[in-house]
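Given next are the chains, with one letter for each unit.
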Amino acid sequence: MEKFTVYKGTTVPLMNDNIDTDQIIPKQFLKSIDKKGFGKNLFYEWRYQKDYDENPDFILNYPEYQTASLLISGDNFGSGSSREHAAWALSDYGFRAIIAGSYSDIFYNNSLKNGLLPITQPRNILEQLAGLSSQEQISIDLPHQLIQTSVGEFHFDIDPIWKDKLINGLDDIGITLQYEKEIQQYEQQHQ
Amino acid sequence: MTAKTIFDKLWEQHIVAGNEGEPQLLYIDLHVIHEVTSPQAFQGLRDAGRRVRRVDLTYGTLDHNVPTKDIFNIQDLISKKQIDTFTKNVKEFGVPAETHGGKGQGIVHMVAPESGRTQPGKTIVCGDSHTATNGAFGAIAFGIGTSEVEHVLATQTLWQVKPKRMKIEFIGHPQKGVYSKDFILALIAKYGVDAGVGYAVEYTGEAIDDLTMEERMTICNMSIEFGAKIGLMNPDEKTYDYVKGRDHAPKDFDKAVSNWKNLVSDPDAIYDKVLTLDVSQLKPMVTWGTNPGMGLEFGETFPEIKDNINYERAYNYMDLKPGQVASDIELGYVFIGSCTNARLGDLQEAAKFVKGKHVADGLTAIVVPGSRPVKTAAEAEGLDKIFIDAGFEWREPGCSACLGMNPDQIPEYVHCASTSNRNFEGRQGHNARTHLCSPAMAAAAAIAGKFVDVRHLVTDQF
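What counts and how
Residues numbered from 1 in each chain as written. Chains lettered and ligands numbered in written order. Predicted model: local features only at pLDDT ≥ 70, side-chain atom pairs only at ≥ 80, totals over all residues. Heavy atoms only, no water. Helix = DSSP H or I, 4+ residues; strand = E, 2+ residues; numbered from the N terminus. Rg over C-alpha atoms; globule rule 2.2 N^0.38 Å. Buried < 20%, exposed > 50% of the residue type's maximum accessible area, 1.4 Å probe, protein only. Contact = heavy atoms within 4.5 Å. Areas by Shrake-Rupley, 256 points an atom, 1.4 Å probe, with all protein chains shown as cover. Lys, Arg positive; Asp, Glu negative; His and termini not counted. Charge placed at Lys NZ, Arg CZ, Asp CG, Glu CD. Salt bridge = Lys/Arg side-chain N within 4 Å of Asp/Glu carboxyl O. UniProt positions renumbered as here; feature names shortened; annotations may be inferred. 1 Å grid on protein atoms, 1.4 Å probe; cavity = no way out; pocket = protein on both sides within 12 Å on 5 of 7 lines; lining within 4 Å. Pairing = 2+ DSSP bridges. Axes fitted to C-alpha atoms, helices over the stretch in contact; angles between N-to-C directions. Parallel < 35°, antiparallel > 145°, perpendicular 65-115°, else oblique. Left-handed = near helix turned anticlockwise from the far one by under 90°. Phe/Tyr/Trp six-rings, centres within 6.5 Å; stacked < 30°, edge-to-face > 60°. Lys NZ or Arg CZ within 6 Å of the ring centre and 35° of its normal.

Caption draft 1: Focus on the overall build of chain B. For chain B, the helix and strand inventory stands at 16 helices and 18 strands. Compactness check: chain B gives a C-alpha radius of gyration of 21 Å against a globular reference of 23 Å for 462 residues, within 12% of the reference. Structurally, chain B occupies a C-alpha span of about 55 × 55 × 45 Å along its principal axes. In chain B, which comprises 462 residues, the proportion classed as buried is 66%. For chain B, restricting intrachain contacts to residue pairs at least 6 apart in sequence, the fraction spanning at least 24 positions comes to 76%. Total accessible area on chain B is roughly 15800 Å²; 49% of this is exposed by carbon and sulfur atoms. Taking the 48 positively charged and 60 negatively charged side chains of chain B as two groups, their mean positions are separated by 4 Å.

If you want it as structure tokens, here you go:
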């Protein structure tokens with residue numbers, strides 16, 4: 001997993017609520033047996049007209065947002081299907097963090113596992129962030145749990161264990177295998 | 001001793017390591033896998049030189065890509081590759097799995113209960129959000145991503161932060177023609193698609209007690225559409241009866257039942273949130289918009305536009321407008337299937353509205369049993385004939401048009417009455433327009449060519 005410490009980037013607002021994983025990466029792209037290459041098909045139905053002709057009305061296609069790597073969104077982001085392909089697609093496209101009102105529980109876990117930082121903020125702050133210029137570099141400081149912008153500095157919460165894993169880019173399975181003794185004990189007691 | 005909910009009891013019983021309030025390492029009793037969310041997990045194991053820790057607690061089936069018209073003739077080569085990869089992976093790692101077209105194959109959330117592997121007291125995971133279906137048995141069951149699939153394969157455990165507890169009490173007795181699908185659609189319409197985020201939901205009340213296990217599964221299945229990744233119910237005699245005699249039921253069944261009897265919420269257990277829904281006056285539900293919360297009782301007018309990014313967008317996508325009613329929708333397709341509503345009881349109920357009648361002109365209607373055992377049982381009692389005689393297509397088991405990873409897709413701009421769980425944009429096909437409802441509502445709509453209130457049909461006929 002790619003480490004996440006302090007990251008600077010520009011934002012793009014996509015303020016709908018309940019953006020489900022069917023929109024983030026439609027079903028036809030779930031047939032891949034790899035983890036890479038999903039970025040091209042991120043938001044496929046919204047992003048393209050026919051045969052990958054860009055839909056000029058979709059904000060990700062606006063010229064000024066081509067380098068955006070921080071997505072601002074509404075409530076319940078990543079709802080619906082458990083497909084981790086959604087997190088893979090957002091990362092592969094180039095997003096490093098999402099700042100939204102709330103997340104579905106499964107998507108939240110999936111994004112953390114891929115070094116894609118899901119940050120939760122209240123509506124009034126989301127609206128301030130959505131109003132930022134496409135040129136403004138904002139800073140996401142994970143060690144200090146801060147979003148630094150021209151309109152203010154905003155604190156965000158994250159579980160300390162998850163934070164540690166992200167900062168150090170730790171492999172979850174590797175960590176769990178250190179609990180082999182506990183797992184074996186559990187199995188012996190519950191057979 | 002402190003009073004506890006069933007959820008607290010099960011959670012505590014499965015902690016391998018970790019403290020409350022932090023991610024805790026939970027032991028997983030059953031891991032069900034399918035072809036879509038497992039290939040990258042097996043590749044991860046292979047890359048790291050790891051094996052599947054407990055093949056005996058793992059079980060696989062094929063469902064999402066399965067063609068339901070001609071199951072052995074897979075035209076989509078990418079689908080075929082994913083199916084072949086799955087078959088190769090389970091063989092290489094020694095995981096027991098159904099074969100493509102085999103007698104136990106079907107939608108993952110149907111075959112686990114049917115095989116008897118789903119039991120009270122277990123922790124059950126699968127790389128699919130509708131895993132909550134298994135919670136109807138008094139199990140902690142939830143959907144996971146592919147990284148977590150790999151984690152469970154390698155360690156038989158999972159790091160999870162314990163969610164809060166919500167109790168939802170369904171009170172009253174429903175009118176005839178109102179089903180458990182209507183309960184859950186009504187709940188989501190009332191409280192929203194994110195009301196359950198961060199909670200494990202326990203469904204309780206007399207209306208739940210009265211339901212069959214199949215009807216209970218329908219409710220737990222759609223917990224995710226309420227925002228909760230876990231939905232569960234207290235096991236009772238109906239639960240034990242369902243499990244009894246199945247291939248993988250406990251060998252010492254009486255002993256298992258005596259353990260299961262302790263797995264219920266204590267009467268004075270505390271919840272973080274309690275909601276109540278009276279189902280006695282509930283009417284059949286139909287969704288009008290592009291998430292499962294955009295639904296209403298049959299006959300109600302579609303709501304005003306509250307904002308342009310959510311409501312106006314939904315109306316534009318669905319080509320509907322405020323003030324219309326469900327019977328105004330011009331249906332072109334009916335889909336009876338999915339892990340929500342393709343069990344034997346669903347097909348039996350739908351068949352009552354179809355028998356001796358004919359599908360409306362110009363409308364396509366398909367019935368897709370959720371699993372091979374359901375298909376076989378339905379055919380044994382002649383349900384296939386009732387549907388076929390009425391002009392329905394009778395298909396092979398699979399996920400089918402619920403999400404259309406297979407050739408089953410709803411044509412562009414066509415309105416579909418669907419017994420599935422999601423009406424998201426493009427879910428059932430590019431620009432397809434999905435309306436969620438019960439199997440009875442879908443069946444009656446296929447005959448009438450539009451939505452009708454099945455309560456009026458049941459009083460006449462049943």
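Caption draft 2: Looking closely at the environment of B:Glu330. Residues and elements named next belong to chain B. Note on placement: Glu-330 falls in the loop between α11 (308-318) and β14 (331-336). On the accessibility criterion, Glu-330 (67% relative accessible area) is exposed. Remark: the alpha-carbon pair of Glu-330 and Lys-450, spanning 120 residues in sequence, is separated by 6.2 Å.

Caption draft 3: The pattern of salt bridges, seen in detail. A complete count under the given rule lists 32 salt bridges over all chains for this structure. With a closest N to O distance of 2.5 Å, A:Lys165 and A:Asp172 form a salt bridge. Judged by relative accessible area, which is 4%, A:Lys165 ranks as buried. Classification of A:Asp172 by relative accessible area gives buried; the value is 9%. In this structure, B:Lys385 engages B:Asp389 in a salt bridge whose closest nitrogen and oxygen atoms are separated by 3.0 Å. Residue B:Lys385 and its partner B:Asp389 are both found in helix α14 (residues 383-389); the two are separated by 4 residues, about one turn of the helix. What you see here is one network of salt bridges that share partners, running through A:Glu180, A:Glu187, B:Arg53, B:Arg54 and B:Asp56.

Caption draft 4: A look at the UniProt feature "binding site: [4Fe-4S] cluster" (unreviewed entry) in chain B. All names here are of chain B. In the numbering used here, UniProt assigns the feature "binding site: [4Fe-4S] cluster" (unreviewed entry) to Cys-339, Cys-399 and Cys-402. Across 64 residues in sequence, these annotated residues keep their C-alpha atoms within 8.6 Å of one another, forming a single compact spot. When the annotated set is filtered for residues lining the largest cavity, what remains is Cys-339, Cys-399 and Cys-402. When neighbours within four sequence positions are excluded, Cys-399 is seen to be in contact with Asp-63, His-64, Ile-107, Phe-335 and Asn-406. Locating Cys-402 in the fold gives a position in the loop between β16 (393-394) and β17 (415-418). Judged by relative accessible area, which is 6%, Cys-402 ranks as buried. Residues contacting Cys-402, with those up to four places away along its chain left out, are Phe-335, Ser-338, Ser-420, Asn-421, Arg-427 and Gln-428.

Caption draft 5: Broad picture of the sheet that holds strand β3 (residues 30-33) of chain B. Residue and element names in this part refer to chain B. Taken in spatial order, the 4 strands line up as β4-β3-β5-β6 in an open sheet, and their pairing is parallel. Two strands lie at the open edges of the sheet, namely β4 (58-60) and β6 (140-143), each paired on one side alone. For this sheet the average axis-to-axis angle between neighbouring strands, irrespective of direction, equals 15°. In terms of strand pairing, strand β5 (residues 123-126) meets β6 through 4 bridges, oriented parallel. If you follow Val-125 over to β6, its bridge partner there is Phe-142.

Caption draft 6: Geometry of the sheet that holds strand β3 (residues 70-73) of chain A. All names here are of chain A. Overall, parallel pairing links the 4 strands, which are arranged β2-β3-β4-β5 in an open sheet. Unpaired on one side and paired on the other, β2 (11-14) and β5 (117-120) mark the two borders of the sheet. This sheet shows a mean twist of 20° between the axes of neighbouring strands, independent of strand direction. In this sheet, strand β4 (residues 97-100) lies alongside β3 in parallel orientation, the contact comprising 3 bridges. Bridge pairing links Leu-71 to Ile-98 in β4.

Caption draft 7: Here's a closer look at the packing of helix α2 (residues 39-48) of chain B against helix α5 (residues 146-155) of chain B. All names here are of chain B. Packing of α2 against α5 brings their axes to within 8 Å, and their N-to-C directions diverge by 50°. Here α2 lies oblique to α5, going by the angle between them. Read as a crossing pair, α2 and α5 show a hand that is right-handed. Contacts from Gln-40, Ala-41, Phe-42, Gly-44 and Leu-45 of α2 reach α5 at Thr-146, Val-149, Glu-150, Leu-153 and Ala-154.

Caption draft 8: Structural context of the packing of aromatic side chains. For the coordinates displayed, the defined rule picks out 29 aromatic pairs over all chains. The interplanar angle of 15° and the centroid separation of 6.3 Å between the aromatic rings of A:Tyr103 and A:Phe107 together place this pair among those described as stacked. Summarising the aromatic geometry, the rings of A:Tyr103 and A:Tyr108 are spaced 5.8 Å apart at their centres and angled 55° between planes, so their arrangement reads as tilted. On the basis of relative accessible area, A:Tyr103 is assigned to the buried category, the value being 4%. By relative accessible area, which is 22% here, A:Tyr108 ends up partly exposed. Three or more aromatic residues joined by ring pairs make a cluster, and in this case those are A:Phe29, A:Tyr44, A:Tyr48 and A:Tyr52. Stacked on the ring of A:Trp162, the Lys or Arg A:Lys165 has its end atom at 4.8 Å from the ring centre. A cation over a ring is seen here: B:Arg246 above B:Tyr242, with NZ or CZ 3.8 Å from the ring centre.

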